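Report on the structure
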Amino acid sequence: RGARRGEKPARYFVHIRSEKDLISIPDLDRLLRSARNMRKELILAIVDEESDVTYYEVRAAKFEGTRSEKDGKEEQELTCTASLADDRVVIHDEASAERLHREFYGKLMGDKHKQLILSLIEAAYLMRENNRMVVQTPAGDMSYEQFLDYATDKERDFKAKLVVYTDLRAKGLVLKTGFKFGSHFRVYTALQQKHSSYLVHVVHPEHIFAMNELARAVRLAQGVRKRMIFAYVDGDGVKYIDIGRRRL
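An account of the accompanying structure is given in this report. (Residues numbered from 1 in each chain as written. Predicted model: local features only at pLDDT ≥ 70, side-chain atom pairs only at ≥ 80, totals over all residues. Heavy atoms only, no water.)

**Points about the sheet that holds strand 7 (residues 107–109)**
Stated formally: What makes two strands pair is DSSP finding at least two bridges between them. Secondary structure elements follow DSSP: runs of H or I of four or more residues count as helices, runs of E of two or more count as strands, with numbering from the N terminus. Contacts are residue-level and defined by heavy atoms, with any inter-residue pair within 4.5 Å sufficient. Each axis is a line fitted through C-alpha atoms, taken for helices only over the stretch in contact, and angles between the N-to-C directions span 0 to 180 degrees.
Sheet architecture is open: 6 strands sit in the order 7-8-6-5-9-10, paired in mixed fashion. Each edge of the sheet is formed by a strand with only one pairing partner; in this case those strands are strand 7 and strand 10 (140–141). Packing against the sheet, helix 4 (residues 120–128) makes contact with strand 5 (80–85), strand 6 (88–91), strand 8 (115–119) and strand 9 (133–137), and its axis sits at approximately 95 degrees to strand 8.

**A look at the packing of aromatic side chains**
Where we set the bar: Ring geometry is summarised as follows: Phe, Tyr and Trp rings, the Trp one being its six-membered ring, pair when their centres sit within 6.5 Å, and such pairs are stacked at plane angles under 30 degrees, edge-to-face over 60 and tilted between the two. Think of it in three bands: residues with accessible area under 20% of the maximum for their type are buried, residues over 50% are exposed, and the middle band is partly exposed, with areas taken using a 1.4 Å probe on protein chains only. Only Lys NZ and Arg CZ are tested; either one counts as a charge over a ring when it is within 6 Å of the ring centre and within 35 degrees of the ring normal.
Overall, the coordinates contain 7 aromatic pairs when judged by the stated rule. For the pair Tyr165 and Phe185, a centre-to-centre distance of 5.9 Å together with 55 degrees between the ring planes defines the contact as tilted. Remark: Phe185 occurs in strand 12 (residues 185–188) and Tyr165 occurs in helix 6 (residues 158–170); sequence separation between them is 20 residues. Both rings, one in Phe209 and one in Phe230, keep their centres 4.8 Å apart while their planes meet at 65 degrees; by these two values the pair is edge-to-face. Taken together, the residues Phe209 in strand 14 (residues 208–210) and Phe230 in strand 15 (residues 227–234) connect sequence positions 21 residues apart. Owing to a relative accessible area of 3%, Phe230 belongs among the buried residues under this scheme. Through successive ring pairs, a cluster of aromatic residues spans Tyr105, Tyr125, Tyr165 and Phe185. The residue whose ring lies beneath Lys176 is Phe104, and the NZ or CZ to ring-centre distance is 5.5 Å.

**Topic: the nonpolar core**
Short version of the rule: Definition used in this section: a nonpolar core is a set of buried Ala, Val, Leu, Ile, Met, Phe, Trp, Tyr and Cys residues joined via side-chain atoms within 4.5 Å.
Met133 and Phe147 are the most contacted members of the largest nonpolar core, which totals 41 residues. If you tally residues by element for this core, the top one is helix 4, at 7 residues. Not counting chain neighbours up to four residues away, the residues in contact with Phe147 comprise Leu84, Val89, Leu120, Ala123, Ala124, Met127, Val135 and Met142.

**With respect to the packing of helix 4 against helix 6**
To be explicit about the condition: Note on convention: the crossing is left-handed when the near helix lies turned anticlockwise from the far helix by less than a right angle, right-handed when the turn is clockwise. As a working rule, the residues Ala, Val, Leu, Ile, Met, Phe, Trp, Tyr, Cys and Pro are called nonpolar, Asp, Glu, Lys and Arg charged, and the rest polar, with Gly in that last group.
Where helix 4 contacts helix 6, the two axes come as close as 10 Å, and the packing angle between them is 65 degrees. The crossing of helix 4 and helix 6 is right-handed. Here Leu120, Ile121, Glu122, Ala124, Tyr125 and Arg128 of helix 4 come into contact with helix 6, specifically with Phe158, Lys161, Leu162, Tyr165, Thr166 and Arg169. Class assignment of the residues belonging to the contact of helix 4 with helix 6 gives a composition of 7 nonpolar, 1 polar and 4 charged.

**A word on unusual backbone geometry**
Positive phi, close to 60 degrees, is recorded for Asp86, a residue that is not glycine. Summarising the element assignment, Asp86 is placed in the loop between strand 5 and strand 6. We note that Arg225 has phi near 60 degrees; this positive angle belongs to a residue other than glycine. Mapped onto the fold, Arg225 is located in the loop between helix 7 (211–223) and strand 15. Since its relative accessible area comes to 78%, Arg225 is described here as exposed.

**Brief notes about helix 5 (residues 144–154)**
Our working definition: Working note: the arc is built from the helix axis to C-beta atom directions.
For helix 5, the complete set of buried residues consists of Tyr144, Phe147, Leu148 and Ala151. Angular distribution of buried residues about the axis of helix 5 spans 100 degrees; they occupy a single face of the element. Of the exposed residues in helix 5, the ones pointing more than 90 degrees away from its buried face are Glu145 and Asp153. Contacts made by the buried residues of helix 5 are with strand 5, strand 6, helix 4, strand 9 and helix 6.

**With respect to the side chain of Thr166**
This is how it is decided: Whenever two N or O atoms come within 3.5 Å, that pair is a polar contact, provided that in protein one can donate a hydrogen and the other can accept it, and provided that, for residues adjacent in sequence, both atoms are side-chain atoms.
Within the element layout of this structure, Thr166 appears in helix 6. Engagement of the side chain of Thr166 in a polar contact is seen with the side chain of Arg128, the distance being 2.8 Å. Within the structure, Thr166 has its side chain in polar contact with the backbone oxygen of Leu162 (distance 2.8 Å). With residues near it in sequence (within four places) discarded, Thr166 still touches Tyr125, Arg128 and Glu129.

The structure is reproduced here in structure tokens:
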């Protein structure tokens, strides 16, 4: 209950599952709404084969980004050209490369002449946001729609990832690949922040979790001092579920 019986209202809404069970995103969303309506914290209690219980707190993610509207306006002043290189986009102009790198886009390469290597997600974002970048190929300049089709052929879940990337950028956050941590993005709350604060993984709105999948992702995030957040796109926009270990 989280409080003495009869003195204060119960603090937690505890949902119990076996480690062999499955749980879907709609199930988690429903449980989260029920707990919120009762003004309680949702706790997922997982019972393993040895009858040990591991508790996980489940909550709607709250992000605290520090990029300001002024930062966004400064970014929009820059327009540049880039070339497509399979699953990367390269900016050859050194001034443009360094400017975008200061805004935490891409990876700067080269010694004497700097070039910026962008992911397809970063390139699509820059192309769409006020037409800030033009991607060139031997066949000519690509439209945003052509680039989106190309990227979707390369990455099946590209469109959903792009929606999440765009939403988090709008919240004042900075994103880089989370591959080393087994997720889609690692997320920083400020420019030049040394360590990321969140790991964000994009899933289908009907995604079904195995309990060991949740346990593995949360334990890894906890081990590197980050919050594990699952994102999904539905008709109302992007929703984020923050899951972490909890001691009761």
